[in-house]
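Examining the three-dimensional arrangement
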Amino acid sequence: MRQTPYYVFDTDEFAKRAAMIRAALDCKGGRRIPLCFSIKANPFLLHRLPAGLDHVEVCSPGELEICIALGVKPESIIYSGVMKEKCDIERAVSYGAGILTCESIRHATLISEVMLECLSEGTQEAGLVEKKAQVILRLTSGNQFGMSLEDIEYIISHSDEFKGIAVIGIHYYSGTQKSLRKINKDLEKIKSALTMLKDKYSFEPQLVEYGPGLCVEYFEDDWQEKEKQSLDEAAEVLREFAEEYPLGIEMGRFLAASCGKYYTQVKDIKSTGDANYAILDGGIHHLNYFGQRMAMQVPPIKVFDGIDWELEKSSDACRVRGMVGYECMNVNKNMQKANDCEDYTLCGSLCTVADVMVREVVLPRLEIDNIIEFGHCGAYSVTEAPVLFLSRKLPAVYAYSKQKGFELLRGYVAASDINRAHMFDCI
């Protein structure tokens, strides 16, 4: 039997999702809004990027190294991140990253310095770099990311101080799970800034990179319809904005969430008082749903027999003991008993009372070795959950597509190797 826990990321679903977004964004007359995938949501999807994506947003030196290792086209990279050191910029420039973001005046200074040093060393003549780096200036939404409009003005109006960069646009992102009202408010803020920059400095952007942060419905039975409605409503105002400005859209969560599933196994079952507990070999160090307050909301869950379980059986054709979450959340308690169901609290393997994956959910009566599938976890769970806590192993990661079948992307990683001290001689 294949060992749990592990993730499966469906790259066909990822491509389908990108195509749906692309179709919603395309403007009349053939105008195409560039679509960017923020890889922090799930870097394991990089090896199967669908054709509908134009850029990938890379927010750290480590993410850049992943792109380099996988041969991601350098011109497709938007190299972002709130903290950039000179060596990070040098690496991005040497790889040929298409666009770099500036989140401060210091960023503009460092990028300009790197480009000028490259020129002085003769690398430009060798065709390794352009004369100037193409940069977009990130406007703050009121937190540590980006910079004030005054700082943006300074960079644009003092081009002699930043001779190694060419400012081609503006970047703006104000958060995730946003309403249409918030998106409209964002666009008005961007328009106001661009109007001022044009009036004062004759600045005309070549790219306005914007993250709408569309809402992912993790806990709704009709999530597909609601997400499609949110997309269509947002796309209407985004297309209107794109008629006036060269808009580019970046997404992470909304692109990737639906393509992921997580499998964990029941290792123990017990009752204390009125509560039935199922102890799983996974936990909150592997699984994270944005907005799941104190594990009260129920994500999509399936229960599989653990007998002769194999990864290839994780489909509608296998022996599914029951499906819960959407269908069973509001089932009458008496009917649950008649249908051999019980209330369960699903807990993970960590020695902390916080390791509750679902506080209360109705399931078919569980048995040891049953497999629990959690859906809608293609974004952030694999990167955002606290995987090193208590030195449990990191889950394996698989990709799935109809053409390629199942591919192992990462085997199990022993957290104990990372968390223990390794003695080295100090230099």
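Please refer to the structure placed before this passage.
Given the structure is predicted, the values throughout are model-derived calculations rather than measurements. (Residues numbered from 1 in each chain as written. Predicted model: local features only at pLDDT ≥ 70, side-chain atom pairs only at ≥ 80, totals over all residues. Heavy atoms only, no water.)

This model, assessed by the stated rule, comprises 14 aromatic pairs. With a centroid separation of 5.5 Å and 80° between ring planes, the pair formed by tyrosine 6 and tyrosine 398 is classed as edge-to-face. Taken together, the residues tyrosine 6 in strand 1 (residues 6-10) and tyrosine 398 in strand 17 (residues 396-401) connect sequence positions 392 residues apart. Pair check on accessibility: tyrosine 6 and tyrosine 398 agree, each one buried. (Phe/Tyr/Trp six-rings, centres within 6.5 Å; stacked < 30°, edge-to-face > 60°. Helix = DSSP H or I, 4+ residues; strand = E, 2+ residues; numbered from the N terminus. Buried < 20%, exposed > 50% of the residue type's maximum accessible area, 1.4 Å probe, protein only.)

What follows concerns the nonpolar core. Counting 101 residues, the largest nonpolar core has Leu346 and Phe374 as the members making the most contacts within it. Among the nonpolar cores identified, the runner-up in size contains 7 residues, and Tyr6, Val8, Phe304 and Tyr398 belong to it. (Core = buried A, V, L, I, M, F, W, Y, C linked by side-chain atoms within 4.5 Å.)

Packed helix pairs are characterised by how far apart their axes lie and by the angle those axes make with each other. It is at 9 Å that the axes of helix 3 (residues 86-95) and helix 4 (residues 105-120) come closest, and there the two elements cross at 55°. With respect to helix 4, the axis of helix 3 lies oblique. Handedness of the crossing formed by helix 3 with helix 4: right-handed. Residues Lys86, Ile89, Glu90 and Val93 of helix 3 form the contact with helix 4, whose own contacting residues are Leu110, Ile111, Glu113, Val114, Met115, Glu117 and Cys118. (Axes fitted to C-alpha atoms, helices over the stretch in contact; angles between N-to-C directions. Parallel < 35°, antiparallel > 145°, perpendicular 65-115°, else oblique. Left-handed = near helix turned anticlockwise from the far one by under 90°. Contact = heavy atoms within 4.5 Å.)

Counting buried residues along strand 15 (residues 356-364), 7 of its 9 residues qualify, which places the element largely inside the surrounding structure. Across 6 bridges, the pairing between strand 14 (residues 341-347) and strand 15 is antiparallel. Bridge pairing in strand 15 places glutamate 342 opposite leucine 363. (Pairing = 2+ DSSP bridges.)

Tracing the backbone shows glutamate 63 in helix 2 (residues 61-70). No salt bridge is formed by the buried glutamate 63; its nearest oppositely charged neighbour, lysine 40, is found at 6.5 Å. Apart from the residues lying within four places of it in its own chain, the contact partners of glutamate 63 are Ile39, Lys40, Glu57 and Val58. (Lys, Arg positive; Asp, Glu negative; His and termini not counted. Salt bridge = Lys/Arg side-chain N within 4 Å of Asp/Glu carboxyl O.)

Now for the pattern of salt bridges. Under the defined criterion, the tally for this structure stands at 20 salt bridges. Aspartate 54 serves as the salt-bridge partner of arginine 32, at 2.4 Å between the closest nitrogen and oxygen. Here arginine 32 is found in the loop between helix 1 (11-25) and strand 2 (35-38), whereas its partner aspartate 54 is found in the loop between strand 2 and strand 3 (55-58), with 22 residues between them in sequence. We classify aspartate 54 as partly exposed; its relative accessible area is 26%. Taken together, the shared-partner salt bridges in this structure form one network comprising Arg22, Asp26, Arg32 and Asp54.

Another point: the sheet that holds strand 4 (residues 77-79). Spatially, the 8 strands close up into a barrel ordered 2-3-4-5-6-7-8-9, and their pairing is parallel. Here the strands of the sheet are splayed against their neighbours by 30° on average, with no regard to which way each runs. With 3 bridges joining them, strand 2 and strand 9 (residues 247-251) adopt parallel strand pairing. Following the sheet pairing, leucine 35 is matched in strand 9 by isoleucine 249. In the packing of helix 1 onto the sheet, contacts are made with strand 2 and strand 9, and the angle to strand 2 comes to roughly 140°. Where helix 7 (residues 223-242) meets the sheet, its contacts fall on strand 8 (207-211) and strand 9, and the angle it forms with strand 9 comes to roughly 145°.

Turning next to the state of the cysteines. Taken as a whole, this structure holds 0 disulfides when the rule is applied. No disulfide involves cysteine 259; its nearest neighbouring cysteine sulfur is the one of cysteine 377, lying 8.6 Å away. (Disulfide = S-S within 2.5 Å.)

Where helix 6 (residues 180-201) meets helix 7, the axes come as close as 10 Å, and the angle between the chain directions of the two elements is 10°. By the angle class used here, helix 6 and helix 7 are roughly parallel. Facing helix 6, whose interface residues are Leu180, Ile183, Asn184, Leu187, Ile190 and Lys191, helix 7 presents Glu233, Ala234, Val237, Leu238 and Phe241. Across the contact of helix 6 with helix 7, the residue classes tally to 8 nonpolar, 1 polar and 2 charged. (Nonpolar A, V, L, I, M, F, W, Y, C, P; charged D, E, K, R; others polar.)

The topology assignment puts glycine 291 in the loop between strand 11 (275-280) and strand 12 (301-304). Overall, glycine 291 belongs to the partly exposed group, its relative accessible area being 37%. For glycine 291 and glutamine 177, which are 114 residues apart along the polypeptide, the C-alpha to C-alpha distance reads 9.3 Å. With near-sequence residues (within four places) excluded, glycine 291 lies in contact with Phe219 and Gln297.

Honestly, that's just the spatial picture; any functional story needs more than this.
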